[in-house]
Amino acid sequence: MKFFLDTANIGEIKEALALGVVAGVTTNPSLIAKEKQDVKAVIREIARLVPGPVSAEVIGVTFAEMVAEARELAKLGDNVVIKVPITADGLKTVAALTAEGIKTNVTLIFSVNQALLAARAGATYVSPFVGRLDDIGHDGMKLVKDTTDIFAIHGIETEVIAASIRHPLHVTEAALAGAHIATVPYKVLLALLNHPLTDAGIARFLEDWRKAMQ
Ligand code: E4P
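Naming follows an unreviewed UniProt entry, where the protein appears as Probable transaldolase of Thermosinus carboxydivorans Nor1. If you open the UniProt record of the protein and go to Function (unreviewed entry), you find "Transaldolase is important for the balance of metabolites in the pentose-phosphate pathway." Listed under Sequence similarities (unreviewed entry) in UniProt, the entry text for the protein is "Belongs to the transaldolase family. Type 3B subfamily."

Shown next as structure tokens:
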């Protein structure tokens, strides 16, 4: 399983890239809005920094709006992937963009059937939202597992991005469920590093070293 970073914050992206584990970035309109900057400038800068796919989401809701917006976003970098919501117009958009050689990430996936439709329309990625399903008492990770299983059974090459990841256990479970990618907020990425025994171990090594060298 690869790691993508789920943010539009340039500072977080630079810090995370330095860790050497981030293979791509996903954004969404809420994340971009938080940055209070020109959307195109932000996406262009992220695409320049990241040596991997960068998902930028369309705001339009009709086929015509989504395709027009996607074509503009795709010009911001060779690695820009167009994030499209799973609606009828979204599916049409995915099919049209696929025919033009533009990669897509179908977002707001909450059922296996939505994921299957997106894949058959040509999606490069599908993004099942784990945390938001958990929030309403459903099993978000089961959707990731079922989707990866069904894609494997049918030889579907669309990659599954476990999205709406809220904590480290989600990451472990996504890997076990066979997700190709987990897109994680920066704070969750950092939390993956933490273990109290690691901290205690470093402190003890340093203390032993200090005593021996006195
Ligand atoms: C996925 O691509 C989305 O940007 C994101 O993971 C949504 O996460 P949230 O449900 O925590 O907002």
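From this point on, the discussion continues.
Draft legend 1. Fine view of the overall build of the protein. A count of helices and strands for the protein gives 11 helices and 8 strands. Principal-axis analysis of the C-alpha atoms places the extent of the protein at approximately 75 × 40 × 30 Å. Put simply, the protein has 214 residues, and 42% of those count as buried. Restricting the contact set of the protein to residue pairs at least 6 apart, pairs at least 24 apart contribute 55%.

Draft legend 2. Broad picture of the pairing of strand E6 (residues 125–128). Along E6, one buried face is formed by Tyr 125 and Ser 127 and the opposite face, lined by Val 126 and Pro 128, is buried too. Here 3 bridges tie strand E5 (residues 104–109) to E6, and the two strands are oriented parallel to one another. Across the sheet, residue Val 106 finds its bridge partner in E6, namely Val 126. Following the chain from E5 across helix H6 (residues 112–120) to the adjacent parallel E6, one finds a crossover that is right-handed. Two strands pair when backbone bridges link them, and E6 and strand E7 (residues 159–162) are joined in this way by 2 bridges, in the parallel orientation.

Draft legend 3. Inspection of unusual backbone geometry at higher detail. The backbone phi angle of Lys 36 is positive, close to 50 degrees, even though this residue is not glycine. Examined against the element boundaries, Lys 36 turns out to sit in the loop between helix H2 (29–35) and helix H3 (39–49). Lys 36 sits in the exposed class, given 7 other C-beta atoms within 10 Å. Of note, Ser 164 is a non-glycine position whose phi angle comes to about 55 degrees, a positive value. Relative to the helices and strands, Ser 164 is located in the loop between E7 and helix H9 (168–176).

Conventions we followed
- Residues numbered from 1 in each chain as written.
- Predicted model: local features only at pLDDT ≥ 70, side-chain atom pairs only at ≥ 80, totals over all residues.
- UniProt positions renumbered as here; feature names shortened; annotations may be inferred.
- Helix = DSSP H or I, 4+ residues; strand = E, 2+ residues; numbered from the N terminus.
- Buried ≥ 20, exposed ≤ 12 C-beta atoms within 10 Å, placed from the backbone.
- Contact = placed C-beta atoms within 7 Å.
- Pairing = 2+ DSSP bridges.
- Right-handed = clockwise from strand over helix to strand, strands pointing away.

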